[in-house]
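# Structure at a glance
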Amino acid sequence: MKEQILIVEDQFVEAEYLRLLLEQAGYGITGIARSVLQAQEMIRDKKPDFVLLDIFLKGKQTGIDLAKLLAVDNIPFVYLSANSNEEVLNAAKATQPYGFLVKPFREKDLLVALEIARYRHAHSLEARYRKETEVRKLLKTIVSETATWTEKLLRIATALQSFIPFDFLAVGFDNIRDPFFKGRCFLRTGFDEYQMIGLHELATITGKSMEVLMALQPPNPVEEMAAFYNGVAFHNICRQPSLRKLFADTFQLHSHLEMPIKLMDRKPFSFCLFSRRPDAYTAEQVEQFERIQFSLMQTIENLMQEEIDEAARSLQRETKTTGRTKTEEGFEGIVGKSHLLLNVFDHISQVAPTDTSVLILGESGTGKEKIANCIHNLSSRKEKPFVKLNCAALPATLIESELFGHEKGAFTGALDKRIGKFERADKGTLFLDEVGEMPLELQVKLLRVLQEKEIERVGGRDTIKVDVRIIAATNKNLEKEVAEGRFRLDLYYRLNIFPVILPALRDRREDIPALAYYFMNQYSHKAGKKLSGISENVLRKMMAYNWPGNIRELEHLIERSVLLTKGTVIEDMLLPTVEKKSGIADGEDAAMKTIVENERDYIISVLKKCNGRIWGPGAAAEILNINPSTLKSKMKKLGIKKEYIK
Ligand SMILES: Nc1ncnc2c1ncn2[C@@H]1O[C@H](COP(=O)(O)OP(=O)(O)OP(=O)(O)O)[C@@H](O)[C@H]1O
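Note that the structure is predicted; figures quoted are calculated from it, not measured.

## Re the overall build of the protein
When its secondary structure is counted, the protein shows 24 helices and 22 strands. Within the protein, the fraction of its 646 residues that count as buried is 35%.

## Here's the deal with the UniProt feature "modified residue: 4-aspartylphosphate" (unreviewed entry) in the protein
Using the residue numbers shown here, the UniProt feature "modified residue: 4-aspartylphosphate" (unreviewed entry) corresponds to Asp54. Turning to its location among the elements, Asp54 is positioned in the loop between strand S3 (50-53) and helix H3 (63-73). When near neighbours in sequence (up to four residues on either side) are disregarded, Asp54 contacts Val8, Glu9, Asp10, Gly63, Leu80 and Ser81.

## Some thoughts on the environment of His347
Along the chain, the position of His347 falls in helix H12 (residues 339-351). For His347, a count of 18 C-beta atoms within 10 Å puts it in the partly exposed group. In this structure, the C-alpha to C-alpha distance between His347 and Val500, residues 153 residues apart in sequence, is 7.1 Å.

## Let's talk about the sheet that holds strand S19 (residues 469-474)
Taken in spatial order, the five strands line up as S13-S16-S19-S12-S20 in an open sheet, and their pairing is parallel. Unpaired on one side and paired on the other, strand S13 (386-390) and strand S20 (498-501) mark the two borders of the sheet. Each strand of the sheet is rotated relative to its neighbour by a mean of 20°, with strand direction disregarded.

## Section: the sheet that holds strand S9 (residues 227-230)
Read across the sheet, six strands follow the order S8-S7-S6-S11-S10-S9 without closing on themselves; strand pairing throughout is antiparallel. Of all strands in the sheet, those bounded by a partner on one side alone are strand S8 (193-197) and S9. Pairs of neighbouring strands in the sheet enclose a mean axial angle of 15°, with direction left out of account.

## As for unusual backbone geometry
In most cases, non-glycine residues show a negative phi, while peptide bonds are predominantly trans. Across the junction of Lys103 and Pro104, the peptide omega takes the value -5°, indicating a cis bond. With respect to the helices and strands, the residue Pro104 is situated in the loop between strand S5 (99-102) and helix H5 (107-144). One non-glycine residue, Lys427, lies in the positive phi region at around 70°. Its place among the elements puts Lys427 in the loop between helix H15 (421-424) and strand S16 (429-433). Assessed through the 13 C-beta atoms surrounding it within 10 Å, Lys427 is described here as partly exposed. The phi torsion at Trp547 lies on the positive side, around 50°, for a residue other than glycine. Looking at the secondary structure, you find Trp547 in the loop between helix H20 (536-544) and helix H21 (550-564).

## Quick notes on the nonpolar core
By size, the foremost hydrophobic cluster in this structure holds 110 residues, and its most contacted members are Leu169, Ile360, Ile371, Leu515, Ala516, Met520 and Leu554. Broken down by element, this core gets its largest block of residues, eight residues, from helix H19 (residues 512-526). Residues from two domains meet in this core; each of domain 2 (145-309) and domain 3 (339-501) gives at least three. Once you skip the residues sitting within four places of it in the chain, Ala516 turns out to touch Ile534, Leu539, Met542, Leu554 and Ile558.

## Thoughts on H21
Taking 1.5 Å per residue as the helical rise, H21 with its 15 residues ought to reach 21 Å, and the 21 Å between its terminal C-alpha atoms agrees with that figure. All of the buried residues along H21 are Asn550, Ile551, Leu554, Leu557, Ile558, Ser561 and Val562. Down the axis, H21 shows its buried residues gathered within 140° of arc, on one side only. Every exposed residue of H21 that faces more than 90 degrees away from the buried side is listed here: Leu563 and Leu564. Among the structural elements, H19 and strand S22 (569-570) are those in contact with the buried residues of H21.

What counts, and where the lines are drawn
- Residues numbered from 1 in each chain as written.
- Predicted model: local features only at pLDDT ≥ 70, side-chain atom pairs only at ≥ 80, totals over all residues.
- Helix = DSSP H or I, 4+ residues; strand = E, 2+ residues; numbered from the N terminus.
- Buried ≥ 20, exposed ≤ 12 C-beta atoms within 10 Å, placed from the backbone.
- UniProt positions renumbered as here; feature names shortened; annotations may be inferred.
- Contact = placed C-beta atoms within 7 Å.
- Pairing = 2+ DSSP bridges.
- Axes fitted to C-alpha atoms, helices over the stretch in contact; angles between N-to-C directions.
- Core = buried A, V, L, I, M, F, W, Y, C linked by C-beta atoms within 7 Å.
- Domains from an automatic or database assignment.
- Expected span 1.5 Å × (residues − 1).
- Arc of directions from axis to C-beta.

What follows is the structure, given as C-alpha cells:
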C-alpha cells in the first residue's frame with residue numbers, strides 16, 4: 001500500500017507542485033492543508049504516514065504548533081521552509097523533526113529526506129518498544145529482589161531514568177509525609193548515583209523545621225492524569241508555598257512531570273519527576289508513561305504486599321525470641337517506630353526534663369495519657385505523684401473541689417475537709433485530660449493558679465503554695481474553641497507553650513503490626529492463652545482499615561479476637577465496614593488544621609465581626625489583645641486580604 005502524506009502548505013502553487021512530485025514518486029496524498037486547523041481536521045479524517053510541513057501558514061498558528069500535536073500522535077514530519085531566521089529554526093529544532101528542507105530544494109532532496117524520515121521513524125518506534133519492554137522486565141525483577149523498600153524505589157527510579165530523565169524524583173503516597181510506605185525523594189548526583197532525601201535530610205538541607213515541612217502542601221494536588229509543566233508553566237504552578245516549590249527552589253528545578261499511579265485501593269500514589277532543564281518533558285513521554293503505568297502499578301502493589309508480609313514475619317520472629325514487642329528506651333510501653341512517633345519522642349525528650357507546661361493534642365485514643373505519663377517519668381519529678389483529672393467527667397462545681405479541694409462545710413455535703421488534685425500533685429505533675437471541656441468559669445481560676453502558683457480550697461481563706469507541672473491534653477481543636485468563645489485565649493496561650501501533636505494511627509500505619517502483636521501478647525497472657533501470631537490476612541485487613549478510634553480501637557479489637565480465637569493464631573477479625581469519617585472529636589473535619597491555619601481563621605473571624613476595623617475601641621486588635629501594627633503585619637504574613645473580610 002502506498003504511504004500517505006499530508007501536505008501542510010499555504011502557497012497554492014508550491015503545494016500543487018509537491019503533490020505532483022510525490023504522486024509521481026509513488027506516494028499517496030491525504031490532502032493539502034492551508035492552516036493548522038485544516039490540517040488537524042484532515043488528520044482526524046485520515047491519519048497520514050508523514051506530514052510535510054511549512055512553518056508560516058494561514059491563521060495565527062504555525063507549523064511549529066502543529067508539530068507539537070504531531071509528536072503526541074507520533075506522526076513523523078519534515079519541515080519545508082524558506083525561513084532561516086535563527087530563532088524560528090531553534091524553535092523548529094526543539095520539536096524534534098524527522099527532517100528539515102530549506103526552500104528551494106531539489107526533487108531528489110525531498111525524496112531522500114522522506115527516506116531518512118521513514119528509516120528514523122521505524123527505528124525510533126522499535127527502540128521505544130524495546131525500551132518499554134526492558135523497563136517492564138526490570139520492574140518485574142525488582143519485586144523479587146531482596147532489598148529494602150527504599151532500595152527498591154531507587155531501583156524503580158533508575159529504571160525510569162533511562163526512559164524519562166529526571167534530576168530529582170519524589171515518589172510515594174503524598175510523597176514525603178509517608179503515612180505507611182515511606183515517600184522518598186532521590187536527587188541525582190552522578191550518572192548512576194542518587195542521594196536519598198527523606199524528611200530529616202530535607203529539613204537539614206533547607207534549614208526548615210520538620211513541622212514547617214509537614215505543614216507544606218504535598219508537591220502536587222494529586223492529579224488524576226499524568227501532566228507536565230515546562231519552564232514558565234512550572235514556575236507558575238510553584239507560586240504558592242508547597243513542597244513542590246521548596247524542591248524547585250532548593251534543587252534549581254525548572255520542569256516537572258507528574259505521573260499518578262492508580263492503585264487498587266485508589267489511594268493516590270505518584271512519581272513526581274523534576275528536571276533542571278526548562279524543557280525536559282514532552283507529551284510523548286506522558287504517552288510512554290501511560291503505556292508502562294500498569295506495570296508500575298503492579299510493581300508498587302507487589303512491593304507493598306511484600307512490606308506487609310515482611311513486617312509480620314519480622315514481628316513473629318521478634319516475639320518468638322523475646323516474647324514481647326520492643327519499645328524505645330525511656331518510652332517503655334509506647335509501641336511504634338514510625339517517623340511520626342519518633343518525632344514525638346524527640347519533642348518529649350526535649351521538654352520532659354524542664355518544668356514547662358505541655359499541651360498534648362491528638363484524636364481520641366492516640367495515646368495522649370500514655371505520653372503524659374511518659375513525660376512525667378522522664379522528668380525530675382518522676383518520684384513524686386502523677387495526678388490525673390478528667391475535665392469532661394464532672395460538672396463545674398465538682399471539678400473545682402476536685403482540683404482545689406474544699407474545707408469542711410464549704411457546701412452542702414462537704415462533711416470533711418478534702419485535699420484537691422493540685423495539692424496532691426505538689427512537686428509532681430498534674431495531668432488535665434480533656435482540658436477543652438473545662439467550663440469557662442473554672443478556666444479563669446485555673447489560669448490564676450498557673451500564674452500565682454497558689455490555690456485556695458473551696459470555702460477556705462488561706463492560700464496554699466503549690467509546685468505543680470501541668471500537662472494538658474485535648475482532642476478538640478482548641479483554636480476553634482477559642483474562636484467560638486468556649487475557651488479563653490489567655491489560658492490557651494498559657495497551656496500551649498509546648499504543644500505535642502500525636503499522629504492518628506491511620507497516619508502511621510507501619511506501627512499497626514507491632515501494636516497488634518503487643519496487645520495480642522498482653523491479652524493472651526491475661527486470658528491465660530498461648531497465642532503465637534496473627535495471620536497475614538488479618539494484618540492486611542488491619543493495614544487497610546482507617547482506625548477512627550485509633551490505638552484504643554485497635555486494642556479493643558485485639559482483646560476481643562484473643563478471647564474468640566480457638567487455635568494459636570488470630571485468623572479472623574471483624575472490622576467495622578461502615579467507617580465513620582475520621583477526624584478529631586465532634587465529627588469535625590478529618591484534617592486537623594495547623595496552628596498557623598487556625599490563627600489565620602481566627603483572625604479572619606474576628607475581623608469579620610468588627611467589619612474589618614483594626615484600630616480603635618472594640619476593633620480587632622483590641623479583641624485580639626495585640627498591637628494594631630502587629631495585627632497588620634500578621635495579616636500580611638498570613639495573606640489575609642480585605643476581600644476575605646466581607
Ligand atoms: N504507643 C502506644 N503503645 C502501646 N499502647 C498504647 C500506645 N498509645 C496508646 N496506647 C494504649 O491505647 C489506649 C488509649 O490510649 P490513651 O488513653 O493514652 O489515649 P488518649 O489519647 O488519652 O485517649 P482519649 O483522648 O480518649 O482520652 C490505652 O490503653 C493505651 O495504653
